[in-house]
Amino acid sequence: MRGNGALRAAGALVLAAGLLGATLAPAERATAASAPVPANLRPNLVAYYDFAHPVRGNPTWERDRGRSGTDLQLVNGGTRMRVWDRERGPVLRTGQIAPATAGNDDWKAGVYAEDGVASLRAFNGVQETTVMGWFKMTGENPGLNSNSADPGDRYGAIGLAGILSGTSQGHDVRALLELITVGGEMKVVALGRRLDGGSSQTFAADADWTTLLPRGDWVFLAATFDYDDGTMALYRNGRPLPGSYTLTGDPWSVQGEPEPDTASPTDPRGIKIGGSYPQNTREANSCDCRMDDLMFLDRALPPDEILAQYRRSR
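The structure reproduced in this document is the subject of the present report. Note on numbering: residues in each chain are counted from 1, in written sequence order. Predicted model: local features are reported for residues with pLDDT of at least 70 only, side-chain atom pairs are reported and counted for 80 or more only, and whole-chain, interface and lining totals are derived from all residues. Calculation of side-chain values draws on the structure's entire complement of heavy atoms; hydrogens and water are dropped beforehand.

## A few points about the overall build of the chain
Reasoning step 1: We count a stretch as a helix when DSSP gives it H or I for four or more residues in a row; a strand needs E for two or more, and each element gets its number in order from the N terminus. The number of helices and strands found in the chain is 3 helices and 18 strands.
Reasoning step 2: A total of 314 residues make up the chain; the buried ones form 55% of that total.
Reasoning step 3: The contact definition used throughout considers only heavy atoms, calling two residues in contact when any of these lie within 4.5 Å. Counting contacts in the chain only where the partners sit at least 6 residues apart, residues at least 24 apart contribute 70% of the total.
Reasoning step 4: Counting only carbon and sulfur atoms, one obtains 49% of the accessible surface of the chain, whose full area is about 12500 Å². Any residue under 20% of the maximum accessible area for its type is buried, any over 50% is exposed, and the rest in between are partly exposed; the area is computed with a 1.4 Å probe on protein chains only. Surface accessibility follows the Shrake-Rupley procedure with a 1.4 Å probe radius. Residue values consider only the protein chains on display as shielding.

Put into C-alpha cells, the structure is as follows:
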C-alpha cells in the first residue's frame, strides 16, 4: 500500500527489523515501500512520526522526524506498541489491555509537560494547524469505560491524534482529530480550541463513522484549523468530507479586532495519540487502532496538498 513504488533502502529495513525485535516474524521481514515528505511540507512540519525510528538508547520513545525534535513516548506498551503491518510496515498499535477492569494500562502515545513543551513552540500563538495521518480500526470501538461502575458503559469518544492546549490537564486540546458522540451518534470530527480555557468548536462529518473507518481498512484522515477565520475542515483519503459545526455563533471569539486571531500565546502541554492523558494519570477514550505517518503542521493545508500527501503516502 505504502509508497507509490519508492522502496526503503535495504539497510534501513534491517535496522528497523532489529529495533522492532520480536514483533517482526521472519516471514514479515520483507521489503516495504516508503514515501518521503515533500519539500513543500517540510518548513511547516513541526512533528512527524512514522514509528520506524526508535530513539537511540531509549526505544520506548519514538524519534520525531519533523523540525521540532519532539520525541514521543510509547505509553504502557513500550516497544511492543511498534508492530509490523503487512500493508504499511512498522506502525503504532494502541488500545486497552484490560477493558473490563478499572485501571490505567491502556496503550497510547504522547508527550506532556505541565509548563508546556518548549519544542512545540511553533503552535504557540499559531494561526493555522493541520493534523493528519493513517488510521486503521482493529478492534471494538469505542472501548469500555474503565472509569465507570457500569460494566456496560462505553467511552463517548475514540482518541486519534491531537495537540494539547497550553493549560490542558491531558485531555483539552488546541487541535484534535477524533471520533466523538454528536447528537447521540459517534462522528469523525475535527475539534479545536483557540483560547486556553475557552470554548471548543467541533466540525463533524455527516457520514456514518463505520463507513468512513471500516474495521481492518487503512484510511488517511486530515483535519485543518484556521484560528483567524474560525473554520475547520475534514478530509478522508485526500477528499473533503461534508459536515457541519456543532456550535453556532462565535465560540472561538474571532469577531472584531485585533486581527489576525491566533491561538493562545502558550506552548502546548503536549501531544496525545490513541487516547487522553499522555502523562498516564488516567485512562480515557482509548482507540483499538493501528496508526502510521502522523503529522502535525503549523499551516492549514489546502485541499490539493492534502490530496497530494495522501497519494504520496499510500
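## Focus: the nonpolar core
Reasoning step 1: Within the largest apolar cluster, 51 residues are counted, with the highest numbers of intra-cluster contacts made by Ile 273 and Phe 296.
Reasoning step 2: Membership of the second largest hydrophobic core comes to 19 residues, among which are Leu 45, Trp 218, Tyr 235 and Leu 307. What we call a nonpolar core is a set of buried Ala, Val, Leu, Ile, Met, Phe, Trp, Tyr and Cys residues that are connected through their side-chain atoms within 4.5 Å.

## Digging into the sheet that holds strand S10 (residues 173-182)
Reasoning step 1: When DSSP finds at least two bridges between two strands, those strands are taken to pair. Ordered by their spatial adjacency, 10 strands build an open sheet running S2-S3-S4-S7-S17-S9-S10-S11-S12-S16, and the pairing between neighbours is antiparallel. The open sheet terminates on both sides in strands that have one partner only, identified here as strand S2 (54-55) and strand S16 (243-245).
Reasoning step 2: Pairing geometry for strand S7 (residues 108-112) and strand S17 (residues 270-273), over 4 bridges, is antiparallel. Across the sheet, residue Tyr 112 finds its bridge partner in S17, namely Gly 270.

## Overview of the packing of aromatic side chains
Reasoning step 1: Geometry of aromatic contacts follows a simple scheme: Phe, Tyr and Trp rings, the Trp one being its six-membered ring, pair when their centres are within 6.5 Å, and the pair is stacked under 30 degrees between planes, edge-to-face over 60, tilted otherwise. Overall, the coordinates contain 7 aromatic pairs when judged by the stated rule.
Reasoning step 2: Aromatic pair Tyr 49 and Phe 296: ring centres 6.4 Å apart, planes at 70 degrees, arrangement edge-to-face. Of this pair, Tyr 49 sits in strand S1 (residues 45-49) while Phe 296 is found in strand S18 (residues 289-297), placing the two residues 247 residues apart along the sequence.
Reasoning step 3: Under the relative-accessibility criterion, Tyr 49 is labelled buried at 0%.
Reasoning step 4: Arranged with centres 5.3 Å apart and planes meeting at 55 degrees, the rings of Trp 134 and Phe 220 form a pair that is tilted. One end of the pair, Trp 134, is in strand S8 (residues 128-137); the other, Phe 220, is in strand S13 (residues 219-226), and 86 residues separate them in sequence.
Reasoning step 5: Look at Trp 134 and you get buried, because its relative accessible area is 1%.
Reasoning step 6: Only when the NZ of Lys or the CZ of Arg is both within 6 Å of the ring centre and within 35 degrees of the ring normal is a charge said to sit over the ring. Above the ring of Trp 218, the side-chain terminus of Arg 88 is found at 5.7 Å from the ring centroid.

## Description of the environment of Asn 280
Reasoning step 1: Relative to the helices and strands, Asn 280 resides in the loop between S17 and S18.
Reasoning step 2: According to the relative accessible area criterion, Asn 280 is partly exposed, its value standing at 26%.
Reasoning step 3: Residues Asn 280 and Asn 76, 204 residues apart in the sequence, show an inter-C-alpha distance of 8.2 Å.
Reasoning step 4: Leave out the neighbours within four places in its chain, and Asn 280 touches Val 75, Asn 76, Asn 104, Asp 106 and Lys 108.
Reasoning step 5: Within the structure, Asn 280 has its side chain in polar contact with the side chain of Asn 76 (distance 3.0 Å). Pairing of N or O atoms within 3.5 Å defines a polar contact, subject to two protein rules: one partner must be a possible hydrogen donor and the other a possible acceptor, and residues neighboring in sequence count only if both atoms are side-chain atoms.

## Quick look at unusual backbone geometry
Reasoning step 1: The omega torsion across Asn 141 and Pro 142 is -5 degrees, close enough to zero to call that bond cis.
Reasoning step 2: Turning to its location among the elements, Pro 142 is positioned in the loop between S8 and strand S9 (157-164).
Reasoning step 3: Following Glu 259, the chain continues into Pro 260 via a peptide bond in cis, with omega recorded as -5 degrees.
Reasoning step 4: Summarising the element assignment, Pro 260 is placed in the loop between S16 and S17.
Reasoning step 5: A positive phi angle, close to 55 degrees, is found at Ser 253, a residue other than glycine.

## Topic: the pairing of S1
On any regular strand, side chains alternate: one points to one face of the sheet, the next to the other face.
Reasoning step 1: Where burial is concerned, most of S1 is hidden: 5 out of the 5 residues are buried.
Reasoning step 2: Alignment of S1 against S18, held across 4 bridges, turns out to be antiparallel. Bridge assignment links Leu 45 to a residue of S18, and that residue is Leu 297.

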